[in-house]
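# Remarks on the overall topology
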Amino acid sequence: MILVTAQEMAELDRRTIEEIGLPGAVLMENAARGALAFFERVMPDLARRRVVVLAGSGNNAGDGFVIARLLHGKGVWVRVVCLRPAERLRGDALLNYRILEKIGVQPFHWNENEDFSSQFSMVRDADVIIDALLGTGLSSPVQGLYRDIIEAVNALQKPVLAVDLPSGLDASTGKVLGAAIRATATATFGLPKVGQRIGEGDALVGALHVVDIGIPPCVVASAGVTRWWLDEELCRRWLSPRPAETHKGRAGHVCLLAGSPGKTGAATLASLGAARVGAGLVTLFVPRSLNPILEVKLTEAMTLPIPETSEHSASIAAETEILDFLHGKQALAVGPGISLHPETQSLLLRLISRVPCPLVLDADALTILAGALDTLGEAPVPVIVTPHPGEMARLMSCRVADVQADRLQVAQEFSRQHGVIVLLKGHRTVIASPEGRVAINGSGTPAMASGGMGDVLTGMIAGFLAQGVEPFQAACLAAYIHGKAAENVCQGKTTRGLLASDLLEHIPLVIGALETA
Ligand SMILES: NC(=O)C1=CN([C@@H]2O[C@H](COP(=O)(O)OP(=O)(O)OC[C@H]3O[C@@H](n4cnc5c(N)ncnc54)[C@H](O)[C@@H]3O)[C@@H](O)[C@H]2O)[C@H](O)CC1
Ligand SMILES: [K+]
C-alpha cells in the first residue's frame with residue numbers, strides 16, 4: 001500500500017474536492033463513519049461506554065464532531081470538549097459543529113482562565129477518549145493547553161481512539177512534535193501516512209486501520225507517489241508467478257563469495273537463503289582449504305574452491321577465476337564472513353568494477369566499502385547494499401543515532417548519492433532506490449536480532465535477482481518474506497532463541513502463501 005506525507009494527503013483531498021467535485025463534507029462524513037465502524041470493532045462495547053471527543057480547531061475536529069453525532073444517534077453517552085472557541089472553526093468543521101448544536105449536543109469549550117483539573121474531570125470520568133485534536137494539519141510542536149491535555153490524557157491510561165493520527169505525531173516524519181497521544185487504535189483516512197510507520201509513529205498509532213473515504217483511485221495514481229508499505233497485498237502483486245515449464249536452468253544461477261575460517265556458517269546460510277527463494281542453481285566461491293567443510297554443510301548448493309590467502313580467506317589471485325565463472329550467471333552476493341584481509345579487500349574492490357551480473361554487498365563487504373565508496377560508481381551493474389544501522393553509519397561517516405533518527409532520509413540520501421539500492425536493516429527495514437522509490441517493511445519480529453539473519457537475507461535477495469526480479473522489488477520481496485518467515489516460526493510465542501537456520505524451511509511456505517492467495 002502507498003504511504004503518503006501530510007502534504008501529499010492534503011493534495012489528494014484538494015484534488016478530490018476541487019477537480020473531481022466530491023464535497024469535503026462527504027469526505028468528512030465517510031471518514032467519520034468509517035472511523036466509528038473501526039472503533040466499534042476495536043471496542044465492541046463502545047455503545048455502552050461514556051465517550052468524550054476531544055476536538056481541536058480544524059477538520060480533524062470536524063471528523064470528531066461527526067463521530068459525536070453518530071454516537072449520539074446510537075444513544076451513546078457522548079460529550080464534546082473543544083479546546084478552541086467556535087469562532088476558530090471553518091468550513092466543514094464549522095458545519096458539523098452547528099449540526100451538533102442543532103441536535104442538542106452542545107460542545108463544551110475549554111476556558112484557559114479556569115482551573116485545569118476541574119475542567120479535565122469530564123475527560124477523566126470518561127471510559128473512552130476520541131482524539132480529534134490534530135491530524136495532518138499539525139504545523140508546530142504542541143505546547144500550552146494542547147500539550148497539557150495530551151500529557152494528561154496519556155497519564156489516564158484509558159483507551160484512546162485517534163482520528164486520522166494520534167495528535168502531536170508528525171504525519172510525514174513519525175516524529176513527536178512536543179507531545180503526542182498514545183493511541184489504542186487509529187483510524188486514518190484515504191491512505192496510511194508514512195509517519196505512522198516510521199519513527200515513533202509505529203508505536204503511537206496502536207492498531208491502525210485505513211478508512212476508504214472515497215478518494216478515486218485515478219486521483220491516487222496520478223499523484224505518482226513511489227513510497228510503499230510492504231505488506232502481503234503489495235508483495236503478492238510484485239511476486240510474479242513461476243511459469244509451469246520452469247526448469248533449474250531457467251530459474252537463474254546465483255553465485256556467492258562468502259566465508260573464511262570461523263565464518264563458514266555465514267556462507268552456508270547465504271547460499272541456502274538463495275536456494276530457498278527458488279534460484280535454480282547456487283554456487284559458493286569458497287577459499288580452497290574450507291571447501292571440504294562447505295561440501296559437508298551444503299548439499300543442494302555447489303562450491304567452487306578458490307585461491308586463498310595465508311589466513312584462508314579469498315585471495316586476489318581468485319579474481320580471474322571468479323570473473324570467468326560469472327559469465328552467464330544472474331547474480332552475485334559478496335560479503336558474509338569474507339574477512340577484512342587486505343588481499344580479500346583488494347579482490348572485492350576489483351570485482352565491483354568488473355562483475356557482469358547484479359551484485360549484493362553485505363557484512364564485511366560493506367566494511368571494506370566504507371573506505372572506498374567511489375568504487376560503487378564504477379559498478380557496471382545494479383548494486384544492492386544491505387547495511388544494518390552500524391554499517392550505514394560507517395558508510396555515511398555519521399553516528400548510529402543519526403541513522404536511526406531519520407532512517408528513510410538516510411537510506412534515500414545514500415542511494416541517490418551512490419546510485420545503489422539501499423536496504424537499511426532494523427525494525428521496519430527501509431529499501432530505497434536511486435530514482436526515488438522507497439519502501440518500509442511491515443513484517444518481522446524482535447526475535448530476528450540474532451547472528452546469521454542477515455546472511456540468509458543476502459542470499460534471498462540474490463536468489464530473487466537471479467530469477468529476474470528487478471533489483472528494488474527483489475530487495476523488497478526478500479525483506480518482507482524474510483520477516484514473515486520469522487513471524488511464522490515464532491507464532492507470537494517468543495521473541496528470543498530464533499535461529500537464522502530456522503527461517504529456511506519457512507521461506508518457500510511464505511512464498512507459496514503469497515502465490516496462492
Ligand atoms: N484525508 C482526507 O481525505 C480527509 C481528512 N480530513 C481530516 O482533516 C484533517 C486535516 O484537517 P486540517 O484542518 O488541515 O488540520 P487539523 O484538523 O489536523 O488541524 C489543524 C488546526 O490545528 C491548528 N494547529 C496546527 N498545529 C497546531 C499545534 N501545534 N497546536 C495547536 N493547534 C495547532 C491549526 O491552526 C488548524 O487550526 C485530517 O487529519 C483528517 O482528520 C477530513 O475530515 C476528511 C478528508
Ligand atoms: K487526532
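Residues numbered from 1 in each chain as written. Chains lettered and ligands numbered in written order. Predicted model: local features only at pLDDT ≥ 70, side-chain atom pairs only at ≥ 80, totals over all residues. Heavy atoms only, no water.

Surrounding the potassium ion (ligand 2) are the protein donor atoms Asn60 (OD1), Asp131 (O), Leu134 (O), Val163 (O), Leu165 (O) and Ser167 (OG), which sit 2.6 to 3.1 Å from the metal. Each donor residue of the potassium ion (ligand 2) belongs to the same chain, with the gaps between them written as N-x70-D-x2-L-x28-V-x1-L-x1-S. Here Asn60, found in helix 3 (residues 59–73), pairs with Asp131, found in strand 4 (residues 128–132); they are 71 residues apart in sequence, far enough to count as distant. Both residues of the pair, Asn60 and Asp131, count as buried. (Donors = N, O, S within 2.8 Å, 3.2 Å for Na, K, Ca; no water. Helix = DSSP H or I, 4+ residues; strand = E, 2+ residues; numbered from the N terminus. Buried < 20%, exposed > 50% of the residue type's maximum accessible area, 1.4 Å probe, protein only.)

What follows concerns the domain arrangement of the protein. The domain boundaries assigned to the protein delineate domain 1 (6–224) and domain 2 (235–239 + 254–515). Measuring from the centre of the C-alpha atoms in domain 1 to the corresponding centre in domain 2 gives 43 Å. Of the roughly 420 Å² buried where domain 1 meets domain 2, counting both sides, 53% is carbon and sulfur surface. Together, Arg197, Ile198 and Asp202 form the three largest contributors to the area buried by domain 1 at its contact with domain 2, with a combined 68%. On the surface where domain 1 and domain 2 come into contact, there are two salt bridges. A salt bridge links Arg428 to Asp202; the shortest N-O distance between them is 2.9 Å. Taken together, the links from domain 1 to domain 2 amount to two residue pairs in polar contact (both at pLDDT 80 or more). (Domains from an automatic or database assignment. Buried area = accessible area lost by both parts, 1.4 Å probe. Salt bridge = Lys/Arg side-chain N within 4 Å of Asp/Glu carboxyl O. Polar contact = N/O pair within 3.5 Å; in protein donor to acceptor, adjacent residues only side chain to side chain.)

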